[in-house]
Amino acid sequence: MLDFFANFLTYPQRNALFHYPLQQMWANIQPRRYEYIQDPLYRLRYLLTTDYSRQVPYDALLRGKLPPRYRYRHFTTPKKDGTRRKLAEPGVDLKAMQHTILANLLASDSPHHATVGYRKGMSVADHAWPHAGARTIITADIQDFFPSTKRYQVRQYWHSYTNRYGYPQELNDDEVQLLTNLTTYLGALPQGAPTSPALSNLVNKAMDARLYNIAAHSGGRYTRYADDIVFSWRLQMRPPSDFEGTVRRVLREYGYRLHPRKGWHVWSRTDEPEFTGVVLTAGGGVDVPPSMRRLMEGLAASDDPYDWHRLQGYKGYRQMVQRG
């Protein structure tokens, strides 16, 4: 099997690594090239071994000692509750490598179907509509979701990497180590790396399956959008008496805990609960929150052309949410 990171070596280093010239290596794999052209892992390895624009010290990356253009920049952004969200933006070359990993490896794997965040063609509407019209709704929020997704979980994922075609990929120990180093930071998923959203879904496939089954056994539904979890039950069905404790235990098994303030709320349909920027209406539909509707009314009354353009954006979002 091709070494995943041959691109990171100089020609003498490559020859020493493979113990024979690269020309001979390419001659050996050339007849098999068409056979694997649909394999995402093969495509990524082919890309990296033919792209000489980002040569990186292989040993340094393997040890986790990142060169300057592979290091992270720290900054914060405000949250709705007034606190600050800590972000870590990868360096230019590291971000380019992460985009390559995302497009060629992570995009070829699928998370649990109840996980709707960070997925192409899916939105907060897909998170809300499965619960529209439910009689009982529970919303839960995972505390520090990305920092709580630890390096060992990511390493386990790369060890067992399986693409959409259903067969395991034989990543060797160095490849697993390097992929882990490239997609984690300070022992966890960095909030700001392009690979983190997809990995947060994929490493938690087993957790999502357990939570989905726990809800399904009591006649309920389950969806997750990043750190936002929703359960619901229709008609006369209700969650079991020990449901909250069971969910908390499952989350703890995977290294998570609920937010102390936003963590667990039980609603009825008439409460019109709000989560991820949408509201479940008492009439069994989905809409934008009252605060956004008031903002839209103010923009509609404005004579400023800029406000008119803003209003069109809000109208488009509301239409997307209401259609589901």
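Every chain is numbered on its own, with residues counted from 1 as its sequence reads. The predicted nature of this model means local features are confined to residues of pLDDT at least 70 and side-chain atom pairs, given and counted, to a pLDDT of 80 or more, with totals for whole chains, interfaces and linings taken over all residues. Hydrogens and water are ignored here; the side-chain numbers use all heavy atoms of the structure.

A. Structural context of helix 11 (residues 205-217). Here a strand is any run of E in DSSP of at least two residues, a helix any run of H or I of at least four, and the numbering for each starts at the N terminus. Multiplying 1.5 Å by the helix residue count minus one yields the expected span of that helix. For helix 11, which comprises 13 residues, the first-to-last C-alpha distance of 18 Å matches the rise-based estimate of 18 Å (1.5 Å per residue) to within 8%. Every buried residue of helix 11 is accounted for by Met207, Asp208, Leu211 and Ala215. For helix 11, the arc enclosing every buried residue in end-on projection is 95°, short of the 170-degree limit, so these residues lie on one face. Contacts are residue-level and defined by heavy atoms, with any inter-residue pair within 4.5 Å sufficient. Elements in contact with the buried residues of helix 11: helix 10 (196-202), strand 4 (220-225), strand 5 (228-233) and helix 12 (243-253). Of the residues flanking the end of helix 11, it is Gly219, one or two places downstream, whose phi is positive at about 85°. The buried label goes to any residue with under 20% of its type's maximum accessible area, the exposed label to any with over 50%, and the partly exposed label to all in between, with areas taken from a 1.4 Å probe on protein chains only. Regarding the arc, it is the one traced by the directions from the helix axis to the C-beta atoms.

B. Spotlight on the confidence of the model for the chain. pLDDT expresses how confident the predictor is about each individual residue, on a scale running from 0 to 100. Residues at a pLDDT of 70 or more form 77% of the chain, whose mean pLDDT is 82. Within the model, the stretch residues 1-6 combines pLDDT values under 50 with 27 contacts to residues more than four positions away or in other chains. Of the regions scoring below 50 in pLDDT, residues 8-38 engages in 40 contacts with residues more than four places distant in sequence or in other chains.

C. Structural detail: the pairing of strand 3 (residues 136-141). Counting buried residues along strand 3, 6 of its 6 residues qualify, which places the element largely inside the surrounding structure. Across the two faces of strand 3 the burial is the same, with Thr136, Ile138 and Ala140 and Ile137, Thr139 and Asp141 all buried. Bridge count for strand 3 against strand 5 is 6 bridges, and the pairing is antiparallel. Paired with Ile137 across the strands is Ser232, a residue of strand 5. If DSSP finds at least two bridges between two strands, the strands pair. In this structure, strand 3 lies alongside strand 6 (residues 264-268), joined through 5 bridges in antiparallel fashion. Looking across to strand 6, one finds that Thr136 is bridged to Ser268.

D. Broad picture of the packing of helix 5 (residues 92-104) against helix 9 (residues 173-183). Lines are fitted to the C-alpha atoms to define the axes, a helix being fitted only along its stretch in contact, and any angle between axes, read from their N-to-C directions, falls within 0 to 180 degrees. One can describe the packing of helix 5 onto helix 9 by two numbers: an axis separation of 10 Å at closest approach and a directional angle of 120°. Accordingly, the angle class assigned to the pair helix 5 and helix 9 is oblique. Note on packing geometry: the crossing formed by helix 5 with helix 9 is left-handed. The segment helix 5 lies against helix 9, with Leu94, Met97, Gln98 and Ile101 engaging Leu179, Leu182 and Thr183. Residues were grouped as follows: Ala, Val, Leu, Ile, Met, Phe, Trp, Tyr, Cys and Pro as nonpolar; Asp, Glu, Lys and Arg as charged; and all remaining residues, including Gly, as polar. When the residues that make up the contact of helix 5 with helix 9 are grouped by side-chain class, the tally is 5 nonpolar, 2 polar and no charged. An angle counts as roughly parallel when it lies under 35 degrees, as roughly antiparallel when it exceeds 145, as roughly perpendicular when it falls between 65 and 115, and as oblique in every other case. Crossing handedness is defined as follows: a turn of the near helix away from the far one that is anticlockwise and smaller than a right angle gives a left-handed crossing, while the clockwise case is right-handed.

E. Local environment of the packing of helix 11 against helix 12. Interhelical geometry of helix 11 versus helix 12 gives an angle of 170° and a closest axis separation of 10 Å. By the criterion of interaxial angle, the relationship of helix 11 to helix 12 is roughly antiparallel. Across from Met207, Arg210, Leu211, Ile214 and Ala215 in helix 11, the residues of helix 12 making contact are Phe243, Thr246, Val247, Val250, Leu251 and Glu253. Here the contact of helix 11 with helix 12 is composed, by residue class, of 8 nonpolar, 1 polar and 2 charged.

F. Examining helix 8 (residues 151-159) more closely. When we look at burial in helix 8, the residues that qualify are Gln153, Val154, Tyr157 and Trp158. Looking straight down helix 8, one finds that the buried residues subtend no more than 135° of arc, so they occupy a single side. Buried residues in helix 8 make contact with helix 5, helix 7 (145-148), helix 9 and helix 10.

G. Layout of the sheet that holds strand 9 (residues 286-287). Reading across from one edge, 7-8-9 is the order of the 3 strands in this open sheet, with antiparallel pairing throughout. Every other strand in the sheet has two partners, leaving strand 7 (274-275) and strand 9 as the edge strands with one partner each. As paired elements, strand 8 (residues 278-280) and strand 9 share 2 bridges and run antiparallel to each other. Within the sheet, the bridge partner assigned to Leu280 lies in strand 9 and is Val286.

H. Main features of the environment of Phe75. Along the polypeptide, Phe75 turns up in strand 1 (residues 72-78). Taking the relative accessible area as the measure of exposure, Phe75 reaches 27% and is therefore partly exposed. Sequence spacing of Phe75 and Gly192 is 117 residues, and the spatial spacing of their C-alpha atoms is 9.8 Å.

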